[in-house]
Amino acid sequence: MVIVLKSGTKRDEVNGFIDSLKTLNVEVHRSEGASQVVLGLVGDSTRIREEQLRAHHLVEQVIRVQEPFKMANRLFHPDDTRIDVTGIDGTIRSIGGGKLGIIAGPCSVESIEQVTLIARNVKQSGAGFLRGGAFKPRTSPYSFQGLGCEGLDMLLEAKKETGLPIVSELMTIQQIEVFDDVDIIQVGARNMQNFNLLRELGHCRKPILLKRGMASTVTELLMAAEYIMAGGNENVILCERGIRSFDSFTRNILDLSAVPVLKKKSHLPVIVDPSHATGIRWLVPSMAKAAIAAGADGLIIEVHNNPEAALCDGEQSLTPEEFDSLMKVLRKYAAIEEKVFA
Ligand code: PEP
Ligand code: MN
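Keep in mind it's a predicted model, so treat the numbers as computed, not measured.

Calculation notes
- Residues numbered from 1 in each chain as written.
- Chains lettered and ligands numbered in written order.
- Predicted model: local features only at pLDDT ≥ 70, side-chain atom pairs only at ≥ 80, totals over all residues.
- Heavy atoms only, no water.
- Helix = DSSP H or I, 4+ residues; strand = E, 2+ residues; numbered from the N terminus.
- Buried < 20%, exposed > 50% of the residue type's maximum accessible area, 1.4 Å probe, protein only.
- Axes fitted to C-alpha atoms, helices over the stretch in contact; angles between N-to-C directions.
- Parallel < 35°, antiparallel > 145°, perpendicular 65-115°, else oblique.
- Left-handed = near helix turned anticlockwise from the far one by under 90°.
- Contact = heavy atoms within 4.5 Å.
- Nonpolar A, V, L, I, M, F, W, Y, C, P; charged D, E, K, R; others polar.
- Near = heavy atom within 4 Å.
- Polar contact = N/O pair within 3.5 Å; in protein donor to acceptor, adjacent residues only side chain to side chain.
- Areas by Shrake-Rupley, 256 points an atom, 1.4 Å probe, with all protein chains shown as cover.
- Arc of directions from axis to C-beta.

**Some details on the environment of Q193**
Along the chain, Q193 turns up in the loop between β10 (184–187) and α5 (195–201). For Q193, a relative accessible area of 40% translates into the label partly exposed. When the C-alpha atoms of Q193 and M223 are compared, they prove to be 9.1 Å apart, with 30 residues separating the residues in sequence.

Dropping the structure here:
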């Protein structure tokens, strides 16, 4: 962090200010220009309150050269993080570090028959994880809200039958206790900045699939990950799922450049959700391929046995047959990127 002091600041004021900065556990390097003094802060300035410095009467400008996230930062952890999940059959499936995690399943769990059928199908096609929403964050309070705990039980049944680890979205702190047997907890786009929830999830050790908020910057996503990691849970998977922009042709705009950006800035695995990003079934395969080419560590794809009758997001769901064809193509893309399916 670099602090430019106002011109005309007196020597004893500069000294007093430097002494106050030193109490923040950083080294202060001073350089004197013709009319201005510039201070360089060296050390961990993550916890320094930038806005407080800016408000100081001696300060002209504050330039942050160190990023505000530490635990999620690649500078502090040069190697890729790999998230390992041990299935009930003892098989370890991983996301990151050369392993592509393919998560597939319905938007919402609708019945035991529906979720077990889809689970069997996606497993057959090579998916490593089963997704299924039990608690659904819907825009309208009149839309299907998910089957809640009953839906989670159905998902657990599908896990028992297929051995696939499961991924499901949690919306409140109170729900954490019913997610004991869920292998990866999803924090949805609408909750990415629910800081109390993030803090609480920092106290568990389960992998957290953190989706980018629909109007969030890459740095805000990394800061949300930092909330979870600062609590001690370093098992965070980042997910690009499209952001809001002016074009309404697609549901969201898939920000594929966020994938290499996040991977440059952070050691955490990055996956892509082409289903929510586009909202359109026929766009899912091309965006899934593009995501792998962009360096993603995995995909989360909605699959439904009867998309036309789906209670949620049918228009963006692939049929099991379409998912199967896509997986065959994705294997070739994975090979080019020298990655293997988990
Ligand atoms: C979902 O995965 O079903 C979902 C609601 O995703 P998002 O939070 O990205 O909208
Ligand atoms: Mn959905």
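The rest of the description comes next.
**Considerations on the packing of helix α3 (residues 112–125) against helix α10 (residues 320–336)**
Where α3 contacts α10, the two axes come as close as 9 Å, and the packing angle between them is 20 degrees. For the element pair α3 / α10, the angle class is roughly parallel. Read as a crossing pair, α3 and α10 show a hand that is right-handed. Here N121, V122 and S125 of α3 come into contact with α10, specifically with P320, F323, D324, M327 and R331. Residue composition of the contact of α3 with α10, grouped by class: four nonpolar, two polar and two charged.

**Comments concerning the site of ligand 1**
Within the structure, ligand 1 sits among C107, R131, K136, E169, Q186, G188, A189, R190, K211, R241, H276 and E302. A distance of 2.8 Å separates an oxygen atom of ligand 1 from a polar side-chain atom of R131. K136 is positioned such that a nitrogen or oxygen atom in its side chain is 2.8 Å from an oxygen atom of ligand 1. In isolation ligand 1 offers 300 Å² of accessible surface; the protein chains occlude 97% of this area.

**A closer look at helix α7 (residues 258–265)**
Since the α-helix packs 3.6 residues into each turn, any two residues three or four apart lie on the same face. Among the residues of α7, those classed as buried are A258, V259, L262 and K263. Mapping the buried residues of α7 onto a view down its axis gives an arc of 130 degrees, with all of them on the same face. Summarising the contacts, the buried residues of α7 are in contact with α6 (218–230), β12 (236–240) and β13 (270–272).

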